[in-house]
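Working through the structure, step by step
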Amino acid sequence: MATAKMSVAELESFLKREFPQAFGAGDIAIESADGTTCLLRQTYGERMLRPGGTVSGPTLMALADFAMYVVLLSAIGPVGLAVTTSLNINFLRKGLPGQDVLAAAKLLKLGKRLAVGEVTLLSGTSADPIAHVTSTYSIPNVG
């Protein structure tokens, strides 16, 4: 397992300062991050729902993308300009209203310029995923 370059506290401080539009609302918590994996929890809110009473796709995509960013930062340190180059999501079942959404991210490959990972999204305490995401991030040349 890789050694984390940023602790949960360091990630939270960095994200509040550098990316408040994604992390400043207080509805997403970083439960763990170890340089290879991370677990995020988005607290349930009515704005997450789409018509029909299910958690919306944009909510799930944003959380998955943010989880990939967090796990990458935990592995490489505070490189704010790392960016998504691709994200593929498969919706598997409904995210239920009233339930927090969890995002379990894992780095599959970390290179010098690209990182590939996957994110499993869960609704509440259910072990059955509501979505599966694969994502690639570009890492800027920091020298």
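As shown above, the structure is provided for reference.
Scope of this entry: the structure provided in the associated data block. Position numbers for residues count from 1 along each chain, tracking the sequence in the order it is written. Totals for whole chains, interfaces and linings use all residues, but because this is a predicted model, local features are given only for residues with pLDDT of at least 70 and pairs of side-chain atoms are given and counted only at 80 or more. Just so you know, side-chain values use all the structure's heavy atoms and leave hydrogens and water out.

1. Notes on the environment of Ser 138
Heads up, the condition is: Secondary structure elements follow DSSP: runs of H or I of four or more residues count as helices, runs of E of two or more count as strands, with numbering from the N terminus. Two residues qualify as a contact provided that any one of their heavy atoms is within 4.5 Å of a heavy atom in the partner residue.
Within the secondary structure, Ser 138 is located in strand 8 (residues 129–138). Each C-alpha atom, one on Ser 138 and one on Ala 82, is 5.6 Å from the other, the two residues being 56 residues apart in sequence. What Ser 138 contacts, discounting residues up to four positions off in sequence, is Leu 81, Ala 82, Val 83, Thr 85, Arg 113 and Leu 114.

2. Focus: the environment of Ala 105
Turning to its location among the elements, Ala 105 is positioned in strand 6 (residues 101–110). A sequence separation of 36 residues divides Ala 105 from Tyr 69, and the C-alpha atoms of the two residues are 9.3 Å apart. Leaving out residues up to four positions away in the same chain, Ala 105 has contacts with Thr 36, Thr 37, Cys 38, Ala 67, Met 68, Val 71, Glu 118 and Val 119.

3. Notes on the sheet that holds strand 2 (residues 37–42)
So the rule is basically this: Strands qualify as paired when DSSP identifies two bridges or more between them. A fitted line through C-alpha atoms represents every axis, and for helices the fit uses only the stretch in contact; the resulting angles, taken between N-to-C directions, go from 0 to 180 degrees.
One open sheet accounts for six strands, arranged 1-2-6-7-8-5; its pairing is antiparallel. Every interior strand has two partners, whereas the edge strands, strand 1 (28–33) and strand 5 (83–91), have only one. The mean inter-strand angle of the sheet, taken between neighbouring strand axes irrespective of direction, is 20 degrees. Sheet topology places strand 6 next to strand 7 (residues 114–123); nine bridges connect them, and they run antiparallel.

4. Here's the deal with the pairing of strand 2
The condition is simple: Accessible area is worked out with a 1.4 Å probe on protein chains only. A residue is then buried under 20% of its type maximum, exposed over 50%, and partly exposed in between.
Along strand 2, the buried face is formed by Cys 38, Leu 40 and Gln 42; none of Thr 37, Leu 39 and Arg 41, which line the opposite face, is buried. Bridge analysis of strand 1 against strand 2 gives five bridges, and the strand direction is antiparallel. Note that in strand 2 the partner of Ser 32 across the bridge is Leu 39. The antiparallel hairpin formed by strand 1 and strand 2 contains three residues in its connecting segment, where Gly 35 sits at a positive phi of about 95 degrees. Pairing analysis gives six bridges linking strand 2 to strand 6, with the strands arranged antiparallel.

5. Section: the pattern of salt bridges
Note the following rule: We define a salt bridge as a contact between a side-chain nitrogen of Lys or Arg and a carboxyl oxygen of Asp or Glu at a distance within 4 Å.
Summed over all chains, the structure comprises four salt bridges. For the salt bridge of Asp 27 with Arg 47, the shortest nitrogen-to-oxygen distance reads 2.5 Å. Remark: Arg 47 occurs in the loop between strand 2 and strand 3 (49–50) and Asp 27 occurs in the loop between helix 2 (20–23) and strand 1; sequence separation between them is 20 residues. The shortest N-O distance in the salt bridge between Asp 100 and Arg 41 comes to 3.3 Å. Placement of Asp 100 in the loop between strand 5 and strand 6 and of Arg 41 in strand 2 is noted, with a sequence separation of 59 residues between them. We classify Arg 41 as partly exposed; its relative accessible area is 25%. In the salt-bridge network here, residues are joined through shared partners; they are Glu 31, Arg 41 and Asp 100.

Structural measurements only, silent on function.
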